[in-house]
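For reference, the chains in residue letters:
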Amino acid sequence: MVNYVLAAAARAQATAMMAELDAHRPGATQRLAQDALAEMQTWPELTVRRVAEAQTGPRCSVAGAYAPGPPPQIVVADSTSPARQDFTALHELGHHLQQNSFALMDAFARQPDRGVLLEDAACDAFAAEILLPAPLVEHHLASDGPTAPDIVELWRASGASRMAVCVRAIQHLPAPGHILLLDTGGQVVFAASHGLRPLQRGSFQGDIPTIAQARAGQGRAQGRTQIRYRDGILGRELHAQTAPMDGYLVAVLVTDSAPWRAFTPPTKDTGPQAREYICEIRPRCSPTAPTAASTAPDAPPVPSGHPRFSTRELRRPSRANHPTPG
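Residues numbered from 1 in each chain as written. Predicted model: local features only at pLDDT ≥ 70, side-chain atom pairs only at ≥ 80, totals over all residues. Heavy atoms only, no water.

Undergrad: Would you explain helix α8 (residues 148–158) in this entry?
TA: Helical geometry note: an α-helix holds 3.6 residues per turn, so side chains three or four residues apart project in the same direction. Looking at α8, one finds that the buried residues are Ala148, Ile151, Val152, Leu154 and Trp155. Seen end-on, α8 carries its buried residues on one side only, within an arc spanning 160°. Next to the buried residues of α8 lie α7 (134–140), α9 (162–170), β4 (177–182), β7 (238–244) and β8 (249–254). (Buried < 20%, exposed > 50% of the residue type's maximum accessible area, 1.4 Å probe, protein only. Helix = DSSP H or I, 4+ residues; strand = E, 2+ residues; numbered from the N terminus. Arc of directions from axis to C-beta. Contact = heavy atoms within 4.5 Å.)

Here is the structure:
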């Protein structure tokens, strides 16, 4: 069973993470909001390291990485802007908190995939909650949901990273969908998803309808489109709107209730549609050696009758890895 994480579930987990952090380190969330990297570098139980972005890999939704150790280590891409570095550092801190707390791990047990997707979505929500206070978000995002221009305005007013703004916006989406941040080449720099299969960082979406129109013009477009998953598989048809974001493109995609239109009924569930898909179960595959198709975040569904394995196990924290109370 594929687990499509709801934004509300990720936000609830993020709230629990902030409460646990402040219980161990009173005032930490406020200090992290001022300068996340500087604050984390004062924590003796953590090692914070900057590396080239190419060394971070595509598995995480941000340009960073977390290694549980011991000792635990947070890696942040050095080539990014200060605002993006703070978001990345807070995202990776979210992994550290969740993987070293019995209480936070409990939420994973209730997920069909043992929390693989929830953990990463909660890290994004945790970072965004710290960097973007609720009053500012509510001032710029309408009650019926965010438009692409709304997201750009929130970003300009906040000083937070584009990624943090996308995560805050997905929490206000009125229907299942995505908020994508794309570079000038049409590749996904960051994707926030609500109720639909998540997109992988680095995937190419530059030639799909509406996105292609925006790239060919001034960055503003709206219409219907289908995002592309791995191996050319297309998702369901979605209402889409884009806006330029100072060298990037932000896109809002929803199944229905598009905030920029007076009435938008649900689109037809036309996906996934694969040009060709071959499922190979090799002799060496076992519960400890899953196929790539069974584990990739944007993998197609495994055909009926074929086993799906997961390598995700709830890691019980050791005292050495548990955050030290402040």
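Undergrad: I would appreciate a short explanation of the packing of aromatic side chains in the present structure.
TA: We describe a pair of aromatic rings using the distance from one ring centre to the other and the angle between the two ring planes. All chains considered together, the criterion is met by one aromatic pair. Seen in terms of ring centroids, Phe87 and Phe190 are 5.8 Å apart; in terms of plane orientation they differ by 90°. Their pairing is edge-to-face. With Phe87 in helix α4 (residues 82–99) and Phe190 in strand β5 (residues 188–194), this residue pair connects regions lying 103 residues apart in the sequence. No difference in accessibility class separates Phe87 from Phe190, as the two residues are buried. Between the NZ or CZ atom of Arg197 and the centre of the ring of Tyr229, over which it lies, the distance is 6.0 Å. (Phe/Tyr/Trp six-rings, centres within 6.5 Å; stacked < 30°, edge-to-face > 60°. Lys NZ or Arg CZ within 6 Å of the ring centre and 35° of its normal.)

Undergrad: Help me understand the side chain of Arg168, please; the structure alone is not making it clear to me.
TA: Following the sequence through the fold, Arg168 ends up in helix α9. According to the relative accessible area criterion, Arg168 is buried, its value standing at 2%. From its side chain, Arg168 meets the backbone oxygen of Leu132 in a polar contact 2.7 Å long. A distance of 3.0 Å separates the side chain of Arg168 from the side chain of Gln171, its partner in a polar contact. Beyond its immediate stretch of four places on either side in the chain, Arg168 contacts Arg11, Ala128, Glu129, Leu132, Pro133, Ala134, Val137 and Leu141. (Polar contact = N/O pair within 3.5 Å; in protein donor to acceptor, adjacent residues only side chain to side chain.)

Undergrad: I tried to follow the pattern of salt bridges on my own but got confused; where do I start?
TA: Note on pairing: side chains with opposite charge can pair once their charged atoms come close. Taken as a whole, this structure holds seven salt bridges when the rule is applied. As a salt-bridge pair, Arg25 and Glu45 come within 3.0 Å of each other at their nearest N and O atoms. Of the two residues, Arg25 sits in the loop between α1 (7–24) and α2 (28–34) while Glu45 sits in the loop between α3 (36–40) and β1 (47–51), which places them 20 residues apart along the sequence. Of the residues examined, Arg25 reaches a relative accessible area of 11% and is grouped as buried. Residue classification places Glu45 among the buried positions, given a relative accessible area of 12%. Glu237 is the partner of Arg224 in a salt bridge, and the nearest nitrogen-oxygen pair spans 3.2 Å. With Arg224 in strand β6 (residues 221–225) and Glu237 in the loop between β6 and β7, the pair connects residues that are 13 residues apart, well separated along the chain. (Salt bridge = Lys/Arg side-chain N within 4 Å of Asp/Glu carboxyl O.)

Undergrad: What am I meant to see in the sheet that holds β1 here?
TA: What links the strands of a sheet is backbone hydrogen bonding, and the strands pair in either a parallel or an antiparallel sense. One open sheet accounts for three strands, arranged β1-β3-β2; its pairing is mixed. Edge positions in the open sheet fall to β1 and β2 (64–67), since each of these has one partner strand only. Between one strand axis and the next, the sheet turns through 15° on average, direction left out of account. Of the strands in this sheet, β1, β2 and β3 (73–77) touch α4, which is tilted by about 155° from β3. (Pairing = 2+ DSSP bridges. Axes fitted to C-alpha atoms, helices over the stretch in contact; angles between N-to-C directions.)

Undergrad: I keep staring at the confidence of the model for the chain and nothing clicks. Help me out?
TA: Low-confidence regions, as indicated by low pLDDT, have predicted coordinates that should not be scrutinised in detail. Per-residue pLDDT for the chain averages 81, and the proportion of residues at 70 or more is 77%. Averaged pLDDT values for the elements of the chain fall to 35 in helix α11 (residues 292–295) and rise to 98 in β8. Across residues 273–326, confidence stays below pLDDT 50; counting only partners more than four residues off in sequence or on other chains, it has 93 contacts. (pLDDT = per-residue confidence, 0-100.)

Undergrad: I keep staring at the sheet that holds β7 and nothing clicks. Help me out?
TA: Reading across the sheet, the five strands line up as β5-β4-β8-β7-β6 and stay open at both edges, with antiparallel pairing between neighbours. Because the sheet does not close on itself, it has two edges, and the strands there are β5 and β6. Averaged over all neighbouring strand pairs, the angle between strand axes comes to 20°, with direction disregarded. Sheet topology places β6 next to β7; five bridges connect them, and they run antiparallel. Each residue of the ladder has a partner; that of Ala221, found in β7, is Thr242. Across the sheet, α8 touches β4, β7 and β8, and the angle it forms with β7 is around 40°.

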